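Coordinate inspection notes
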Protein chains: 2
Amino acid sequence: MTRDDIRPGEVVADVQPKQDAHVRFIGKIHTPFFTRGECPRQGTQDGPECILELDEEWVPALKGVEAYDQLEVLYWLDQAARDFLLQTPKGKGKPYGTFALRSPNRPNPIGTSIVRLERISGRKVHVRGLDCIDGTPLLDIKPYRGESLPKIPHLDFGT
Amino acid sequence: MTRDDIRPGEVVADVQPKQDAHVRFIGKIHTPFFTRGECPRQGTQDGPECILELDEEWVPALKGVEAYDQLEVLYWLDQAARDFLLQTPKGKGKPYGTFALRSPNRPNPIGTSIVRLERISGRKVHVRGLDCIDGTPLLDIKPYRGESLPKIPHLDFGT
């Protein structure tokens, strides 16, 4: 074992790579966190403004998003290891199961955050509440659960 | 256009398939909803008991999960169309942007739910709060945000 990313007590799975489905990146996230060490453990909605920059082809799918206060953002943690079964969080002495942690290291390294929407400008969605590294690939934007349709019922969405 | 899944006013993207990364299914979800029509629009934590059935190789990664009340579950909506830009929710007259809806039809059809943990038995995690169809592939289990480490600090996780 020549890996240097495994701490004492940590266990990785002996699993073959398996590609059951694919994701496509739909844009990129800009944050003021440039290394993993700079990322807060969890984003807060009074944190710094970040930008979800959508690829041009997906911009029409933003129609109506401006009516929400909070959004759920999904992103791909592309620097993560995907085989950890047990891992020891920084500063903790004992290993936990991967599913007992929100660590980026997991079989499918998908991060989720609830963010506050500041404004939308073209293909840029300005939000607060993210904790991921600058340049993280964007997977999805959803209304925060419980707000499934815009709260302004007669908002004119045009045709 | 021979597709029969597009309603008036709906728009699909003219995008090439793009495989930026892959997901691996880590198990399967059992629910009492056997068709899309039977699925509730959004699960509630007093809904029916559902089971997250993990593949054997990932069971060790459950260590510590029993200490949580609520979990976040991610799953792959494998019956979804992935090219919708605008779509008209059932019973609504006007199309909304895909990112203004929690519809399963989205570029990366990843569902997220917050569930209540009932119990864990071997590779089966019993929960309430899901709204997906029976047999949906499981992608991830995370502690609900805000509960990042088990609330029982001196819980013995063994070695």
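The structure displayed is predicted, hence computed values, not measured ones. (Residues numbered from 1 in each chain as written. Chains lettered and ligands numbered in written order. Predicted model: local features only at pLDDT ≥ 70, side-chain atom pairs only at ≥ 80, totals over all residues. Heavy atoms only, no water.)

1. Comments concerning the overall build of chain A
A tally of regular secondary structure across chain A gives zero helices and ten strands. In sequence order, the secondary structure elements of chain A are arranged as β-β-β-β-β-β-β-β-β-β. In chain A, which comprises 159 residues, the proportion classed as buried is 52%. A fraction of 78% describes how many contacts in chain A between residues 6 or more apart in sequence connect residues 24 or more apart. A total of about 7,400 Å² of accessible surface is found on chain A, and carbon and sulfur atoms cover 50% of it. (Helix = DSSP H or I, 4+ residues; strand = E, 2+ residues; numbered from the N terminus. Buried < 20%, exposed > 50% of the residue type's maximum accessible area, 1.4 Å probe, protein only. Contact = heavy atoms within 4.5 Å. Areas by Shrake-Rupley, 256 points an atom, 1.4 Å probe, with all protein chains shown as cover.)

2. Regarding the sheet that holds strand β1 (residues 11–12) of chain A
Here three strands make up an open sheet; going across it, the order is β1-β6-β7 (chain A) and the pairing antiparallel. At either end of the open sheet lies a strand with only one pairing partner, and these are β1 and β7 (96–97) of chain A. (Pairing = 2+ DSSP bridges.)

3. Details of the pairing of strand β3 (residues 27–30) of chain A
Residue and element names in this part refer to chain A. Here β3 shows a clear split, with Gly27 and Ile29 buried on one side and none of Lys28 and His30 buried on the other. Judged from the four bridges that link them, β3 and strand β4 (residues 49–54) form a sheet pairing that is antiparallel. Of the residues in β4, the one forming a bridge with His30 is Ile51. Alignment of β3 against strand β10 (residues 137–143), held across two bridges, turns out to be antiparallel. By the bridge assignment, Lys28 is partnered in β10 with Pro137.

4. Some points on the confidence of the model for chain A
All names here are of chain A. When pLDDT is averaged along chain A, the result is 88; 90% of the residues meet or exceed 70. Low confidence marks residues 152–159, where pLDDT is under 50. Its contacts with residues over four positions away, or in another chain, come to eleven contacts. Scored as a complex, the prediction yields pTM 0.91 and ipTM 0.90. (pLDDT = per-residue confidence, 0-100.)

5. Looking at the sheet that holds strand β7 (residues 96–97) of chain B
Residue and element names in this part refer to chain B. On the basis of which strands lie adjacent, the open sheet formed by three strands has the order β1-β6-β7 and antiparallel pairing. At either margin of the open sheet sits one strand with a lone partner, and together these are β1 (11–12) and β7. Relative to β7, strand β6 (residues 84–87) is paired through two bridges, and the arrangement is antiparallel. Directly across from Leu86, in β7, lies its bridge partner Gly97.

6. What to know about the side chain of Thr88 of chain B
Residue and element names in this part refer to chain B. Checked against the element boundaries, Thr88 lands in the loop between β6 and β7. Overall, Thr88 belongs to the buried group, its relative accessible area being 7%. Those residues in contact with Thr88 that lie beyond four places of it in its chain are Arg7, Pro8, Glu10, Gly93, Lys94 and Pro95.

7. A closer look at the interface of chain B and chain A
Buried accessible area, meaning the area lost when the parts come together, often serves as the stated size of an interface. With 67 residues of chain B at the contact, the number on the chain A side is 66 residues. Carbon and sulfur atoms supply 58% of the area buried between chain B and chain A, which totals about 6,200 Å² over both sides. Among the residues of chain B in contact with chain A, Arg24, Phe99 and Arg102 of chain B are the three that bury the most area, contributing 13% of the side total. For Arg106 of chain A, the salt bridge is made with Asp140 of chain B, and the minimal N-O distance between the two is 2.7 Å. In this assembly, chain B and chain A are joined by 36 residue pairs in polar contact (both at pLDDT 80 or more). Among the residues forming the side of chain B that touches chain A, the class breakdown is 35 nonpolar, 15 polar and 17 charged. (Buried area = accessible area lost by both parts, 1.4 Å probe. Salt bridge = Lys/Arg side-chain N within 4 Å of Asp/Glu carboxyl O. Polar contact = N/O pair within 3.5 Å; in protein donor to acceptor, adjacent residues only side chain to side chain. Nonpolar A, V, L, I, M, F, W, Y, C, P; charged D, E, K, R; others polar.)

8. Overview of the relation of the copies chain B and chain A
The two copies are related by a screw motion: chain B maps onto chain A through a turn of 180° and a shift of 0.0 Å along the axis, at an RMSD of 0.0 Å. Viewed as a symmetry operation, the transformation between the two copies matches a two-fold axis. By C-alpha distance to the rotation axis, the residue of chain B lying nearest is His22 of chain B, at 2.0 Å. Most of the interface of chain B is mirrored in chain A, where 99% of its interface residues again form contacts. (Least-squares fit on C-alpha atoms with pLDDT ≥ 70 in both.)

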